[in-house]
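# Secondary and tertiary structure notes
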Amino acid sequence: MADSLSSGLGEEQEKEKEDRERGKKAAKTEKTNEKDGVTETLAFNDKNGDSKGKKRNLSDLSLVRFITTELTRGYFLEHNEAKYTERRERVYTCLRIPKELEKLMTFGFFLCLDAFLYVFTLLPLRVILALLRLITLPCCGLSGSRLLQPAQVCDVLKGFIMVLCYSMMSYVDYSMMYHLIRGQSVIKLYIIYNMLEVADRLFSSFGQDILDALYWTATEPKEKKRAHIGVIPHFLMAVLYVFLHAILIMVQATTLNVAFNSHNKSLLTIMMSNNFVEIKGSVFKKFEKNNLFQMSNSDIKERFTNYILLLIVCLRNMEQFSWNPDHLWVLFPDVVMVIASEVAVDVVKHAFITKFNDISADVYGEYRASLAFDLVSSRQKNAYTDYSDSVSRRMGFIPLPLALLLIRVVTSSVKIQGSLSFMCVLLFYLGMITLKVLNSIVLLGTSCVFVKEANMEEKLSDPPPSVVSSRANSRAHRTKHFHTSPQQEPATDKGGISLAADNPPPPNVAETSDPILPKSDSDTFLTTPDEEDDDKIINADTGLEGDRLEHRTPKKDLLEIDRFTICGNRID
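Scope of this entry: the structure provided in the associated data block. Every value quoted in this text rests on a predicted model; they were computed, and no experiment measured them. (Residues numbered from 1 in each chain as written. Predicted model: local features only at pLDDT ≥ 70, side-chain atom pairs only at ≥ 80, totals over all residues. Heavy atoms only, no water.)

## Here's the deal with the overall build of the protein chain
If you tally the helices and strands in the protein chain, you get 19 helices and two strands. Out of the 572 residues belonging to the protein chain, those deemed buried represent 38%. When contacts within the protein chain are restricted to residue pairs at least 6 apart in sequence, long-range pairs at least 24 apart make up 82% of them. Carbon and sulfur atoms make up 61% of the accessible area of the protein chain, which amounts to about 34800 Å² in all. (Helix = DSSP H or I, 4+ residues; strand = E, 2+ residues; numbered from the N terminus. Buried < 20%, exposed > 50% of the residue type's maximum accessible area, 1.4 Å probe, protein only. Contact = heavy atoms within 4.5 Å. Areas by Shrake-Rupley, 256 points an atom, 1.4 Å probe, with all protein chains shown as cover.)

## Description of the pattern of salt bridges
Tallied over the full model, the rule gives 14 salt bridges. For K301, the salt bridge is made with D200, and the minimal N-O distance between the two is 2.8 Å. Of this pair, K301 sits in helix 10 (residues 289-320) while D200 sits in helix 7 (residues 186-219), placing them 101 residues apart in sequence. In terms of burial, K301 and D200 fall into one category: buried. (Salt bridge = Lys/Arg side-chain N within 4 Å of Asp/Glu carboxyl O.)

## Quick word on a negative patch on the surface
The grouping of E14, E16, E18, D19 and E21 at the surface amounts to a negative patch. By the element assignment, E18 lies in helix 1 (residues 2-36). (Patch = residues over 30% accessible without salt bridge, like charges linked within 9 Å, V, L, I, M, F, W, Y side chains within 5 Å. Lys, Arg positive; Asp, Glu negative; His and termini not counted. Charge placed at Lys NZ, Arg CZ, Asp CG, Glu CD.)

## Overview of helix 13 (residues 387-395)
Taken across its nine residues, helix 13 has eight buried, putting it largely inside the fold. Y387, S388, D389, S390, V391, S392, R394 and M395 are the residues of helix 13 that are buried. Looking at the buried positions of helix 13, the neighbouring elements they touch are helix 3 (81-120), helix 5 (150-169), helix 7, helix 10, helix 12 (363-377) and helix 14 (399-413). After helix 13 finishes, the residue G396 shows a positive phi value of roughly 75°.

## Considerations on the nonpolar core
Among the nonpolar cores identified, the biggest contains 108 residues, and F116, I161 and F260 are the most heavily contacted of them. Ranked by residues supplied to this core, first place goes to helix 8 (residues 231-261) with 17 residues. Here F260 is in contact with K265, L268, L310, V313, L331, D334, V335 and V338, once residues within four sequence places are set aside. (Core = buried A, V, L, I, M, F, W, Y, C linked by side-chain atoms within 4.5 Å.)

## What to know about the environment of T121
With respect to the secondary-structure elements, T121 resides in the loop between helix 3 and helix 4 (122-140). Taking the C-alpha atoms as reference points, T121 and K436, 315 residues apart in sequence, are found 7.5 Å from one another. Each residue touching T121, except ones within four places of it in the same chain, is listed here: Y429, M432, I433 and K436. A polar contact is formed between the side chain of T121 and the backbone oxygen of L117, at a distance of 2.6 Å. (Polar contact = N/O pair within 3.5 Å; in protein donor to acceptor, adjacent residues only side chain to side chain.)

## Digging into the packing of aromatic side chains
What the rule picks out here adds up to twelve aromatic pairs. Here the aromatic rings of F109 and F304 are separated by 5.4 Å at their centres, their planes lie at 55°, and the arrangement is tilted. With F109 in helix 3 and F304 in helix 10, the pair connects residues that are 195 residues apart, well separated along the chain. The exposure class of F109 is partly exposed, given its relative accessible area of 24%. Between the aromatic rings of F352 and F356, the centroid separation amounts to 5.9 Å while the plane-to-plane angle is 45°, which identifies the pairing as tilted. In this pair, F352 and F356 are both assigned in helix 11 (residues 325-356), four residues apart and thus about one turn of the helix distant. The class of F352 is partly exposed, set by a relative accessible area of 37%. An aromatic cluster is built from F109, F110, F116, F120, F304, Y307 and F397, whose rings are joined through pairwise contacts. (Phe/Tyr/Trp six-rings, centres within 6.5 Å; stacked < 30°, edge-to-face > 60°.)

Geometry only, nothing functional implied.
Structure (structure tokens):
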């Protein structure tokens, strides 16, 4: 019995040893399989039920199975729904850009037309009324402290500038200029045309400052201390500027005329291709809403100026062919090509700028409302500028040189002889006045609708943007020179965050940190904040930002942005 028990115990121990050894072997095989990277992915590896281990099924690695998998595999777009929805909205935005852009361009075109017709129609009548007031002043007596109202003084100055510049333009020979430019090579003319475009923008920028300085110098209250060089030097500078700018536009129109009359049209093709170079210089820059507003104003001004240049070219060519209407159809294809290329470039440029900078197409409605606000505010009793001057500042369109050139071309092309000709001129002038009045009425009604839709009625009673911005700039300048005493230094906690917001600031600091402006819904409508600033701002009233206390300047409003304001357009 004892032998049988001992033999049974020995067999059980041997079985336990064998089981342990099998378990150790299984663990070793699993470790080796993990080291070799044998895993079950894409059904390329299979498990064998045998105790010897897992082996790879070579029949599953065939080329036919790989091709079958590539042909039958699927994916689900709804797993990234937000991304594809955003891409679809971008496509819809690009499709909406031509419609919204042309709405803005059409409205801006009629604004420029209204300011342009004002020089020919209402400005001469206003100058005559101001001169009659000066003549009849000794008879009527001095009713006020001013001989003329400030607006009348500005009108008289504009009239004198136009008369003097026209007399100077009469000595410029257009035919000699045409043949001088025609004798140049194609490459020279291409370079000249590009230089003229750049010079036109520089002249417009500096010229509006010259005219504004003249108007303010002539109408500035006499009680103030004199801080200028006098009215006559400013007037001479304004006359010189208008004359030089008119000569510049004349050379530009003559170059375009040479391109129209060239035999192979190569110069015209090169000049039109120059518009597409503008896409390269604009599309790949970072644009915010204010930058895009500037570019839109520039495009409106450029398109209107091109229309006037094309009109001058057609007048000169029709004069050379004795006003034969058949020649007009010869010029028609080239005119259409110039206009079509300009529209195509603007659409492509704005479509890709809005796409790359994530700007909605609704922003053009805001721009339209901002331009409409200028028109409505110029009709208020407390208006601080003439409407034509506000268009000049906002779009960079100065009508005086362009109107002067058109008058020079028309008077040299059309000969007025006899009473019938004078009657035709009078009827044409009455027709222009009618067009100006109708255009102004329609524009004013449309602008009121745009302002009402944008909820900007409250801003009409606010102080002028120029006064507010100047006060804000002066206050910001004073805050730069403001130094706190050691006893007034803001305390900081352990985390390094300033606790100055807990203590009420002194009265002078509160006045200089932010200007007090009336709040309305339109402020948020037309204000364009930066995303980086929104992330940094902790307290907008105190300017608390991180571990330091900074005085914040007010946001740029679209109503304070003119054509020549630098808005931080930069290349990233």
